[in-house]
Each structure stands twice: as structure tokens, then as C-alpha cells.
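The chain contents come next:
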Amino acid sequence: MKGGPASREEIRAAQADVGCKAQTDLVSIWSAVEKRIQDDVVAAHPAEFHALRETKDRQLAAARAVLARG
């Protein structure tokens, strides 16, 4: 994308794109499918995701401790 304001053609294309997505309910359908895929992967690999969660929780605890010290 170039700098500067969008051209009329670009605005029309964007409006058509948004209208099409709204008409077909694309965003909510895509989101639901993506969630199902992610849920399936998590269910297939529970130990790995549990380990990831523990690591994230430790990192967040360490970050909170640093922030609490000011």
C-alpha cells in the first residue's frame, strides 16, 4: 500500500469486501472454524499445552513481581 489517502477505487473495493463478508457471515464462520481447529489440537496434545500454560504462568508471575517492585 502506498502512502497517502485511499483512492476511490480502493474505497469501493474495501466497501465491497466488507459488504460481502457481512452478507456471507464470513467472519463469524471463519472464527468458529478456527476455534474448532485450535480446540482439536489442544485436545490432541494436552500435556504439551499444560506445560506451555505452566511456563506462561511462571513468566507472568515473574513479570508481576518486577512490576510490583516499581
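This text follows the structure it describes.
Reading guide: rules and limits
- Residues numbered from 1 in each chain as written.
- Predicted model: local features only at pLDDT ≥ 70, side-chain atom pairs only at ≥ 80, totals over all residues.
- Heavy atoms only, no water.
- Helix = DSSP H or I, 4+ residues; strand = E, 2+ residues; numbered from the N terminus.
- Rg over C-alpha atoms; globule rule 2.2 N^0.38 Å.
- Areas by Shrake-Rupley, 256 points an atom, 1.4 Å probe, with all protein chains shown as cover.
- Lys, Arg positive; Asp, Glu negative; His and termini not counted.
- Charge placed at Lys NZ, Arg CZ, Asp CG, Glu CD.
- Expected span 1.5 Å × (residues − 1).
- Patch = residues over 30% accessible without salt bridge, like charges linked within 9 Å, V, L, I, M, F, W, Y side chains within 5 Å.
- Salt bridge = Lys/Arg side-chain N within 4 Å of Asp/Glu carboxyl O.
- Buried < 20%, exposed > 50% of the residue type's maximum accessible area, 1.4 Å probe, protein only.

> Tell me about the overall build of the chain, residues and numbers included.
Across its full length, the chain holds three helices and zero strands. In sequence order, the secondary structure elements of the chain are arranged as α-α-α. A compact globule built from 70 residues should have a C-alpha radius of gyration of about 11 Å, whereas the chain, at 21 Å, is more than 25% larger. The principal-axis extents of the C-alpha atoms in the chain amount to approximately 50 × 40 × 20 Å. Carbon and sulfur atoms form 62% of the exposed surface of the chain, whose accessible area is close to 6,500 Å². Charged side chains in the chain number 11 positive and 10 negative. The centres of these two groups are separated by 7 Å.

> Run through helix α1 (residues 8-24), naming residues and quoting values.
With 17 residues, α1 should cover 24 Å at 1.5 Å per step; its first-to-last C-alpha distance of 24 Å lies within 8% of that length. Looking at the residues trailing α1, positive phi occurs at D25, about 60°.

> A description of a nonpolar patch on the surface should follow, citing residues and the corresponding values.
Taken together, the side chains of I29, V33, I37, V41, V42, F49 and L52 make up a nonpolar region of the molecular surface, amounting to roughly 550 Å² of accessible area. Mapped onto the nonpolar patch, the elements with two or more residues apiece are α2 (26-44) and α3 (46-69). If one sorts the elements of the nonpolar patch by residue count, α2 sits on top with five residues. With respect to the helices and strands, the residue V42 is situated in helix α2. Classification of V42 by relative accessible area gives partly exposed; the value is 38%.

> Account for the environment of R8, naming residues and giving values.
The residue R8 is located in helix α1 in this model. Overall, R8 belongs to the exposed group, its relative accessible area being 69%. C-alpha separation for the pair R8 and T55, spaced 47 residues apart in sequence, amounts to 49 Å.

> Report on the pattern of salt bridges, specifying residues and quantitative values.
Taken as a whole, this structure holds two salt bridges when the rule is applied. Measuring nitrogen to oxygen at the nearest pair gives 3.1 Å for the salt bridge that ties K21 to D17. With K21 and D17 both in helix α1 and four residues apart, the pair spans about one turn of that helix. We classify K21 as partly exposed; its relative accessible area is 32%. Accessibility expressed as a relative area gives 37% for D17, which makes it partly exposed. Ionic pairing is found between K35 and D39, a salt bridge with its closest N-O pair at 2.6 Å. In this pair, K35 and D39 are both assigned in helix α2, four residues apart and thus about one turn of the helix distant. A residue is classified by how much of its surface remains accessible, and D39, at 39% relative accessible area, is partly exposed.

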